[in-house]
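Coordinate inspection notes
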Amino acid sequence: MAMLSGRSSSSTRTENIVTITRTSQQTLLDSVPTALYIDGQWRASTDAGTFVVHDPATGSELAAVADATAADGSAALDAAVDAQKSWARTAPRERAELLRAAFDALIARSEDFALLMTLEMGKPLAEARGEVAYGAEFLRWFSEEAVRVSGRYSTAPDGRMRLLVHKRPVGPCLLITPWNFPLAMATRKVAPAIAAGCTMVIKPAALTPLTTLLFAQILEEVGLPPGVLNVIPTSRAGAVTGPLIADPRLRKLSFTGSTEIGRQLLADSAQQVLRTSMELGGNAPFLVFADADIDAAVEGAVVAKLRNMGEACTAANRFIVHEFVADEFAAKLARKMQRLTVGPGIDPDSELGPLIDQKSRDKVHDLVQDAVTTGASIVTGGQPMPGDGYFYLPTVLSGVGAAARILREEVFGPVAPITTFRDEEEAVRLANDTEYGLVAYVYTRDTARALRMSEELESGMLGINAGVVSNPAAPFGGIKQSGLGREGGSEGIEEYLDTRYVGLADPYA
């Protein structure tokens, strides 16, 4: 399992890494539950079916996981409904302490979670460790928010009533998480639901269910009551989640995934008028103005583009660079990307892992070829990598024309398409020329321009001279077709709370 490009490593050293890691891999995999988790019990699916989870770096089988049926989904919702009343009445401090205990337990097993994510998703161990730290922080953050849910008491303007406003848990929730951040996307939804007093059914992505199952085991070990969290991995998502969304007992749906599927889930949710949180696709512009620190912009571009191999909704998708500095930016970015070591995430030298599957790699290459056909030039990369796994060369494209699909579609791979602009007005127009609005990035030394960008760019989040914006203490989410609602920050727990008003007759009447 030698490195596929970049810095070389000796075969002896590589074999030692593989030997050691295979032993630790199997030990870890043997400890990870692969059953459904319903009402506090680990159990097989009703038809005893399973599906296989693969390592995208090698294509090898990691584990066979219980494949939930519609009946299993119904049983999971039954458990959540039965547990809702008692869980809602649990003291906020008790819920907070449980989340804090889960944070401590997860941190204690950081290496297990990092290795597991590397195996089932492909990201390098260094990035996986970063996700563990980031994902764990949602548990700590919402442990603190659980005891800060507040309301108000006031006198009506006419003095005839007292107005009491308070918050209550929404009720049983369905949480649908994606494959690209299997821990952070679970903690970002589960933690505020626990803090608010909601019970849950979570359906992890079929490509990466193992991390969620291990996380559920952590919550069980720290004392989360039966029925509060139920986990139903499945390879037949629509057949399992469809009946749940149609069930009048379900009160909320939170989904992270593609805009296409999000639209359908919103339509389905409308029948029950469900509370919905939707974190959907992105087409993030990365603007580099002529006055920018180009070296800093390149560093930020690498982070914004290549985090998670580019498989992130927040990944920079379109590099919109002032024509005066475009050549310099492209050359420096290409040199930076050429130096990256690409290989299996379990190798400590790996800086860029594989894409999740063959279909994803084929789509990335198709977008690159389309861009070249419409006039773009390949500065570096532009090809799948030979051998096992789903690796793709880090790629920079320059002179990308307006007709290229890569400027309209989410790339989800290590490809940086560069187009140019002449003035600020054109930069804003190009950046906003998309149905998406999740995040944008701007590099400039001009503070006044940065403030203008914060008002003119159509996105829910904006990074100024920064390639990463995600933070558990900040509201994560988009506008336009990038979604509804926010996760994280003080806003995150509000997504799981209903606001109730009580009118009290004037006590002096």
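1. Examining the confidence of the model for the chain
Close reading of the predicted structure is inappropriate where its pLDDT is low. On average, residues of the chain carry a pLDDT of 95, and 96% of them reach 70 or more. Scored below 50 in pLDDT, residues 1–16 makes 34 contacts in the model with residues more than four places away or belonging to other chains.

2. Description of helix H11 (residues 326–338)
Between its terminal C-alpha atoms H11 stretches 18 Å, which fits the 18 Å expected from 13 residues at 1.5 Å a residue. Inspection of H11 places Ala326, Phe329, Ala330, Leu333, Ala334 and Met337 among the buried residues, and these make up the whole buried set. Down the axis of H11, the buried side of the element spans an arc of 125°, and every buried residue falls inside it. For H11, the secondary structure elements touched by its buried residues are strand S12 (284–288), helix H10 (294–306), strand S13 (316–322), strand S14 (377–380), strand S15 (395–398) and strand S16 (415–421).

3. A short note on a negative patch on the surface
Side chains of Asp423, Glu425, Glu455 and Glu456 sit close together on the surface and give a patch of like negative charge. The topology assignment puts aspartate 423 in the loop between S16 and helix H13 (424–432). With relative accessibility at 40%, the residue aspartate 423 sits in the partly exposed group.

4. A few points about the packing of H10 against H11
Contact geometry of H10 with H11 gives a least axis separation of 10 Å together with a crossing angle of 55°. The angle between the axes of H10 and H11 places the two elements in the oblique class. In this structure, H10 crosses over H11, and the sense of that crossing is right-handed. Every residue of H11 that contacts H10 at Ile294, Asp295, Ala297, Val298, Glu299, Ala301, Val302 and Leu306 is listed here: Glu328, Phe329, Lys332, Leu333, Lys336 and Met337. Tallied by class, the residues present in the contact of H10 with H11 amount to nine nonpolar, no polar and five charged.

5. Describing the sheet that holds S13
Spatial ordering of the open sheet is given by S14-S15-S16-S13-S12-S17-S18, a layout of seven strands whose pairing is mixed. Strand pairing shows two members of the sheet lacking a second neighbour, S14 and strand S18 (461–464), which therefore form its edges. Strand-to-strand twist across the sheet, computed as the mean angle between neighbouring axes with direction ignored, equals 25°. As paired strands, S12 and S13 are joined by five bridges and run parallel to one another. Each residue of the ladder has a partner; that of proline 285, found in S13, is arginine 318. On top of the sheet, H13 reaches S12, S13 and S16; it is set at about 140° to S16, its chief contact.

6. Re the side chain of glutamate 410
You can see glutamate 410 is positioned in the loop between S15 and S16. Despite its burial, glutamate 410 remains without a salt bridge, the nearest opposite charge being carried by lysine 363 at 6.4 Å. A polar contact is formed between the side chain of glutamate 410 and the backbone nitrogen of glycine 282, at a distance of 3.2 Å. For glutamate 410, the contacting residues outside a window of four places in its chain are Gly281, Gly282, Ala312, Cys313, Asn317, Lys363 and Leu367.

7. Details of the packing of aromatic side chains
Applying the stated criterion to the full structure yields nine aromatic pairs. Judged by centre distance (5.1 Å) and plane angle (40°), the rings of phenylalanine 286 and phenylalanine 319 are tilted. With a gap of 33 residues between them, phenylalanine 286 in strand S12 and phenylalanine 319 in strand S13 connect regions that are remote in the sequence. Take phenylalanine 286 and phenylalanine 319: they sit in the same class, and that class is buried. One aromatic cluster is present, built from ring pairs that chain together Phe286, Phe319, Phe329, Tyr441 and Tyr443. The residue whose ring lies beneath arginine 449 is phenylalanine 289, and the NZ or CZ to ring-centre distance is 4.4 Å.

8. Description of the layout of surface pockets
The computed volume of the second largest pocket comes to approximately 240 Å³. Together, Arg318, Ile320, Val400, Gly401, Ala402, Leu407, Arg408, Thr419, Thr420, Glu426, Leu430 and Asp433 line the second largest pocket. A per-class count over the lining of the second largest pocket returns five nonpolar, three polar and four charged.

9. Some points on a nonpolar patch on the surface
Side chains of Tyr153, Val502 and Leu504 sit close together on the surface and give an oily, nonpolar patch of about 260 Å² of accessible area. Along the chain, the position of leucine 504 falls in strand S20 (residues 497–505).

10. What to know about the environment of valine 132
Inspection of the secondary structure assignment puts valine 132 in helix H5 (residues 125–145). Considered as a pair, valine 132 and glutamate 111 are 21 residues apart in the sequence and their alpha carbons are 8.6 Å apart. If we ignore the near neighbours within four places in the chain, the residues touching valine 132 are Leu106, Ser110, Phe113, Ala114, Met117 and Leu183.

11. Here we look at empty space enclosed by the protein
For the coordinates displayed, the defined rule picks out six cavities of 30 Å³ or more. Space inside the largest cavity adds up to approximately 80 Å³. Pro285, Tyr436, Gly437, Val439 and Glu458 are the residues nearest the centre of the largest cavity, which is lined by 16 residues in total. Secondary structure elements with two or more residues in the lining of the largest cavity: S12, H13 and strand S17 (439–443). Computed from the structure, the second largest cavity encloses a volume of approximately 70 Å³. Every residue along the wall of the second largest cavity is listed here: Val303, Ala304, Arg307, Ala312, Thr314, Ala315, Tyr441, Gly467, Val468, Val469 and Ser470. Classifying every residue of the lining of the second largest cavity by side-chain character gives seven nonpolar, three polar and one charged.

12. With respect to the nonpolar core
Of all hydrophobic cores here, the largest spans 65 residues; its most connected members are Val190, Phe215, Leu219 and Leu229. Looking at this core element by element, the count peaks at nine residues for helix H6 (residues 184–196). If we ignore the near neighbours within four places in the chain, the residues touching leucine 219 are Leu98, Ala102, Val190, Ile194, Leu224 and Leu229. Listed in part, the 56 residues of the second largest apolar core include Ala57, Ala205, Ala292 and Leu397.

Criteria and cut-off values
Residues numbered from 1 in each chain as written. Predicted model: local features only at pLDDT ≥ 70, side-chain atom pairs only at ≥ 80, totals over all residues. Heavy atoms only, no water. pLDDT = per-residue confidence, 0-100. Contact = heavy atoms within 4.5 Å. Helix = DSSP H or I, 4+ residues; strand = E, 2+ residues; numbered from the N terminus. Expected span 1.5 Å × (residues − 1). Buried < 20%, exposed > 50% of the residue type's maximum accessible area, 1.4 Å probe, protein only. Arc of directions from axis to C-beta. Patch = residues over 30% accessible without salt bridge, like charges linked within 9 Å, V, L, I, M, F, W, Y side chains within 5 Å. Areas by Shrake-Rupley, 256 points an atom, 1.4 Å probe, with all protein chains shown as cover. Salt bridge = Lys/Arg side-chain N within 4 Å of Asp/Glu carboxyl O. Lys, Arg positive; Asp, Glu negative; His and termini not counted. Charge placed at Lys NZ, Arg CZ, Asp CG, Glu CD. Axes fitted to C-alpha atoms, helices over the stretch in contact; angles between N-to-C directions. Parallel < 35°, antiparallel > 145°, perpendicular 65-115°, else oblique. Left-handed = near helix turned anticlockwise from the far one by under 90°. Nonpolar A, V, L, I, M, F, W, Y, C, P; charged D, E, K, R; others polar. Pairing = 2+ DSSP bridges. Polar contact = N/O pair within 3.5 Å; in protein donor to acceptor, adjacent residues only side chain to side chain. Phe/Tyr/Trp six-rings, centres within 6.5 Å; stacked < 30°, edge-to-face > 60°. Lys NZ or Arg CZ within 6 Å of the ring centre and 35° of its normal. 1 Å grid on protein atoms, 1.4 Å probe; cavity = no way out; pocket = protein on both sides within 12 Å on 5 of 7 lines; lining within 4 Å. Points joined across faces, edges and corners; volume = space filled by probe spheres on them. Core = buried A, V, L, I, M, F, W, Y, C linked by side-chain atoms within 4.5 Å.

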